Every structure is written in structure tokens, then in C-alpha cells.
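As a plain string of letters, each chain reads:
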Amino acid sequence: MQELTHWIDGKHVKGTSGRFTDVYNPATGEVQAKVPLATVEELNAAVARAAEAQVAWGDTNPQRRARVMMKFGALINEHMDELAELVSREHGKTLPDGRGDVQRGLEVVEVCMGGPSLLKGEYTDAGGPGIDLYSMRQPLGVVAGITPFNFPAMIPLWKLAPALTCGNAMILKPSERCPSTSLRLAELLQEAGLPDGVLQVVNGDKEVVDAILDNETVAGVGFVGSTPIAQYIYGRAATNGKRAQCFGGAKNHMIIMPDADMDKAADALVGAGFGAAGERCMAISVAVPVGKETADTLVEKLMPRIEKLKVGPYTAGDDVDYGPVITQAAKDRILGLIDKGVAQGADLVVDGRDFTLQGYENGYFVGPSMFDNVTPDMDIYKEEIFGPVLSQVRTDSYEEALKLTMDNPYGNGTAIFTADGDTARDFAHRVNVGMVGINFPIPVPLSYHTFGGWKKSAFGDLNQYGPDAFRFYTKTKTVTARWFSGIKEGGEFNFKAME
Ligand code: NAD
């Protein structure tokens, strides 16, 4: 069985802790590799080496750092299929979805190629007599990225590309479920010209995360994962004086107005609810139709579409709609929540619980399920299911649908489907959610905007990628400079012989 490594000082390094965790093929349930779980000592040594390497990297001209991103972007393109396969092999998502995972990360690398323009400082000429002020953006030093399983390429790239472009060194701690893509990205970065030690990939679990949070040299932490862990990491990092931005879970609502194009709304819901087996923080998990007729029509249109979904391994080709969930534990949890939904009185109009796939009986496949008549007190509404389960909550008015969305503790993404510009505008203006789609189900902003939720979907300041990332990964230093007048009059300007 393959034994994975850490990536330290430009080399694959075996773990020394003796502790490993299994990396599964979610389609078959087989263990395909084991990944080492680092100790506090291994982490501290990786940070110390990163701190040494950061000095020269931070002093490298911004345009030279950007050139590393240019080469890195070209290499990602060149290795697109290989990277997508790495993603799909450990995560289970389809190959087109694996490519999308790499592509949406690559787009952040592309913005970083123009990073120097985002690193420019500010200047005030003659702020006082003989006094000028200027501000510069300097790297934090060593920062850490702690990432989830569900986007093994995209989220590590969202973290490392801006952090490195700003002149930081980074400790990347990928999910122990899908670590291989990060190790491969580190190799490609070396090929692109990144000096050794500037990116260290340290694999591990809670032990290494806590070691990062307690290491005094680590100046900033960017986290993505579930809400309880995001809140915990934010608290501990902030207590230890670190800059932190921690993005958490979601429960994304899509409002369907009576005037919406119902076929387009149904298509959007199927893609956004079941794509990647619902394992996206921007998945739509709650459909909120306004009015009985809208709700009835939606169920009528959704049921045949859901029943047609093809579930299978990524190796089965491009026409598979979604693959397995990540682990047996995730599958058991999802099935348990569906049982609870039934027990608590929701109508299970499509039941995916008994789904099996011939030849893949040990894989973590869950068939698509849909509930109607869900109410906010039910566990299937309150919890982030993170599986292929869509819940419909019926409402009688736009105001009720808006209030439901706003009262939900999460605030990552939301969408409205309507033909009325006034309603759409009102929704976008009033809703307390960070990313809003209008007739657009998964509104992940383009890489030159920024990504971030509100409420319990994010802790800390500033969003991921775009200009906000350049603010997060730099600190501002402001110089007030006075040059006394009269020196030029007193100077000697004649070329004199030495005496
Ligand atoms: P997770 O919280 O279990 O793990 C995320 C990271 O935290 C991993 O690297 C893991 O090793 C580490 N970790 C886990 N438990 C820990 C603990 N007790 N102490 C310290 N570190 C710990 O999340 P996941 O299951 O890998 O990912 C799915 C979650 O991520 C979902 O909730 C999803 O909504 C969320 N997510 C959010 C965004 C966003 O941008 N808001 C994007 C993608 C995923």
C-alpha cells in the first residue's frame, strides 16, 4: 500500500510519528494509501525551516514572485487531467467535477499573476511641511492553511497562491482524507521556481492543527471546514495573537417565486442540490417555493429529474452525475438524518436510502433523496447534511421565505429564482448572506471578486481570494518621513581636489 509523506524543504519526507490514517477509495471502500499524522515536533521543525526560507522569498521582487505563479499556472494547465484524477480518486467526485475543482483554484492563481498591482502601497505627498507619508504592504511571515476534504485542489490553491504571492511562507495542512493533490501541487510549485521551504505540506489531524495554533512563529491562519471546528480554530488562533479567517459550514436556501421559470429552477436545484453528492459548501440544500402552486409544480418537475440522476464511480465516464460520499461514517450519518426526517414527519418524496451499485457494494454511494413539507424545527433542516438530500420548506409569501433564509444561523450562499427585477433587487439588498445568486444557483464569485459567507459560515475578517486575500496576507506599515529644508543650500556642489 502506498505510504504518503509530508513535503518539507522541497522533498517528500516520511512521517516519524508512527501514526497514520487510512485514505480510502470512496467508490470501492478500499484503503488505497496511508497518510502520516505529524507530531508537534515535526510541525515546529517545518515552521522553523519555513521562517528561514521566508526571509529571502519576502525580499524577492513582487513581479518575480508573480512569475512563479505564471509558471505554476501553466503547469497546472499542463497537468489538468492528472490533477483532476488525483482529486476524484480520493474524493470520489466525477472527473468533470474534478476538473472544475482544479479550474476554480487555477483562476485564483491567475489573479495572483497580477499580484504586484494588489501589493502597491499608498503615498501622501506633503502631508505637512517637508513631510511625506507612505504605506507599504509587507508579508505576515509564516502563515498556515488548513483545508477540508471537499475541494482537494481548489481550496489549497485559494490559500497558498495569495499567501505566497504576498511573500509569505506557508504551512499547508490538507484534509487527511484527500492529501495527495496538495503534495502534487507542492511538486509543481517547485518546478515553477518556488524556493524550497517556502511551502511545507504537513499532513495530520487535530494534533498538528493544535500545534499550528500554538506555534508562536505562525502569524496567520486561514481555515476552511465545518462550523464547530472553524469557531474553535478562530478562538484559539485569536487568543494566541494570530490573524485568522475561518470559513465554516452552510445551509443554503433557494427561493422560488411563482413567476420563476419552473423548468430552469428545477434544473438548477438538481445540479446545485445533488452535484458532488451535495458535498459542497455552496450546495443548495433547502428549496423554498412561495405559494402552494409553486411548491406542487416544483415537486412535479423535480421528481423525474431526480429519479434520472446517474450515480457512480468517476471511472464510469463523464455521464455520471455524482459519485460516492467521502466515508462510511458520512454515509451512515446521512442515512441516519434521512431516517430522522421521516420520523419527525417530513414527506420523503424521493427515497435514496436503498441505493446500491453492482460491483461497488462496499462503496459509499447514497442515492438522491428529496423531502417535502420540511419545517424549521426538524433535524434535516437544522443540520448541514452534506449529502445528496434536498429539503423543501413551503412558504406562503416572499416575506416569509426571506425571513426563513435570514433566521437561519448559516449565511454562506443563497439564491432567488424570479422574473421580477424588483423582487430580485430587494432580496439581494436585504438578505443577510454573503453570496447571492439571482436566477443562478451556486453563486461562487469569480476569482477577482472575493468568497466569504456571513453569520456562522465565517469567523474573522476579510474574505478568501481577490483583493481581500491580499489584505489578509499582508500587514500595513506606514512611514512618516520629514526631510529638513536647507541642506541643499548648504551642500558643496563643486568638484574639489582631495586635500
Ligand atoms: P472538518 O471541519 O472536519 O475538517 C477541516 C479541517 O480541519 C481538516 O484539515 C481537518 O483535519 C481539521 N480538523 C478536523 N477536526 C479537527 C479538530 N477537532 N481540531 C482541529 N482540526 C480539526 O471539515 P470537512 O469535513 O473536511 O469539510 C466539510 C465542511 O467544510 C463542511 O461543513 C463544509 O460546508 C465546509 N466547507 C466550507 C467552505 C467555505 O468556504 N465556507 C468551503 C468548503 C467546505
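Residues numbered from 1 in each chain as written. Predicted model: local features only at pLDDT ≥ 70, side-chain atom pairs only at ≥ 80, totals over all residues. Heavy atoms only, no water.

Caption draft 1: Here's a closer look at the site of the ligand. Taken together, 27 residues sit near the ligand, with Thr147, Lys173, Glu176, Ser226 and Glu384 positioned nearest. Here an oxygen atom of the ligand sits 2.8 Å away from a polar atom, N or O, in the main chain of Thr147. In this structure, an oxygen atom belonging to the ligand sits 2.6 Å away from a side-chain N or O atom of Ser226. Considering the ligand on its own, with 840 Å² of exposed area, one finds that the protein chains cover 86% of that surface. In terms of residue class, the shell around the ligand is built from 14 nonpolar, 9 polar and 4 charged. Two domains share the shell around the ligand, each providing at least three of its residues, namely domain 1 (2–248 + 457–481) and domain 2 (252–438). (Near = heavy atom within 4 Å. Polar contact = N/O pair within 3.5 Å; in protein donor to acceptor, adjacent residues only side chain to side chain. Areas by Shrake-Rupley, 256 points an atom, 1.4 Å probe, with all protein chains shown as cover. Nonpolar A, V, L, I, M, F, W, Y, C, P; charged D, E, K, R; others polar. Domains from an automatic or database assignment.)

Caption draft 2: Region of interest: the nonpolar core. Counting residues in hydrophobic clusters, the biggest one holds 85 residues, and the most contacted among them are Phe72, Ile76, Leu160, Leu164, Ile171, Leu189 and Leu199. By residue number, the principal contributor to this core is helix α6 (residues 154–165), which donates 8 residues. In terms of domain composition, this core takes at least three residues from each of domain 1 (2–248 + 457–481) and domain 2 (252–438). Other than its neighbours up to four places away in sequence, Leu164 contacts Trp57, Arg65, Met69, Ala169, Met170, Leu189, Leu194 and Val198. The next biggest cluster of nonpolar side chains, apart from the first, holds 62 residues, and it includes Met262, Ile284, Tyr364 and Val393. (Core = buried A, V, L, I, M, F, W, Y, C linked by side-chain atoms within 4.5 Å. Buried < 20%, exposed > 50% of the residue type's maximum accessible area, 1.4 Å probe, protein only. Helix = DSSP H or I, 4+ residues; strand = E, 2+ residues; numbered from the N terminus. Contact = heavy atoms within 4.5 Å.)

Caption draft 3: Quick peek at the sheet that holds strand β20 (residues 435–438). Spatially, 7 strands are ordered β15-β16-β17-β14-β13-β19-β20 in an open sheet, and the strand pairing comes out mixed. Edge positions in the sheet fall to β15 (347–350) and β20, since each has one partner strand and no second. Neighbour-to-neighbour, the strand axes of this sheet turn through a mean angle of 20°, independent of strand direction. In the sheet, strand β14 (residues 284–289) pairs with strand β17 (residues 389–392) via 2 bridges, with the strands oriented parallel. Directly across from Ala287, in β17, lies its bridge partner Gln392. Contacts from helix α10 (residues 262–274) reach β13 (252–256), β14, β16 (369–372), β17 and β19 (413–417) within the one sheet, and its direction differs from that of β13 by about 170°. Here helix α12 (residues 328–343) sits on the sheet and contacts β15, β16 and β17; the angle it forms with β16, its principal contact strand, is near 25°. (Pairing = 2+ DSSP bridges. Axes fitted to C-alpha atoms, helices over the stretch in contact; angles between N-to-C directions.)

Caption draft 4: Seen up close, the side chain of Thr181. In this fold, Thr181 is placed in helix α7 (residues 180–191). On the basis of relative accessibility, which here comes to 0%, the residue Thr181 falls in the buried class. Contacts of Thr181, omitting those with residues within four sequence positions, involve Leu83, Leu86, Val87, Pro152 and Ala153.

Caption draft 5: Structural detail: the environment of Asp196. On the secondary structure map, Asp196 appears in the loop between α7 and β10 (199–201). Considering only alpha carbons, one finds Asp196 and Arg394, 198 residues apart in sequence, at a separation of 56 Å. In this structure Asp196 touches Asp9, Gly10, Arg49, Ala53 and Gln190, once residues within four positions along its chain are discounted. Of the polar contacts made by the side chain of Asp196, one reaches the side chain of Gln190; its length is 2.9 Å.

Caption draft 6: Expanded view of the pattern of salt bridges. Counting across every chain of the model gives 30 salt bridges. A salt bridge links Arg394 to Asp296; the nearest nitrogen and oxygen atoms lie 2.9 Å apart. Of this pair, Arg394 sits in the loop between β17 and α14 (398–407) while Asp296 sits in helix α11 (residues 292–307), placing them 98 residues apart in sequence. Residue Arg394 is classed as partly exposed on the basis of its relative accessible area, which comes to 26%. Between Arg430 and Asp426 there is a salt bridge, and its shortest N-O distance comes to 2.9 Å. In this pair, Arg430 and Asp426 both sit in helix α15 (residues 421–430), 4 residues apart, roughly one turn of the helix. A residue is classified by how much of its surface remains accessible, and Arg430, at 34% relative accessible area, is partly exposed. The network of salt bridges with shared partners includes Lys206, Asp210, Asp214 and Arg236. (Salt bridge = Lys/Arg side-chain N within 4 Å of Asp/Glu carboxyl O.)

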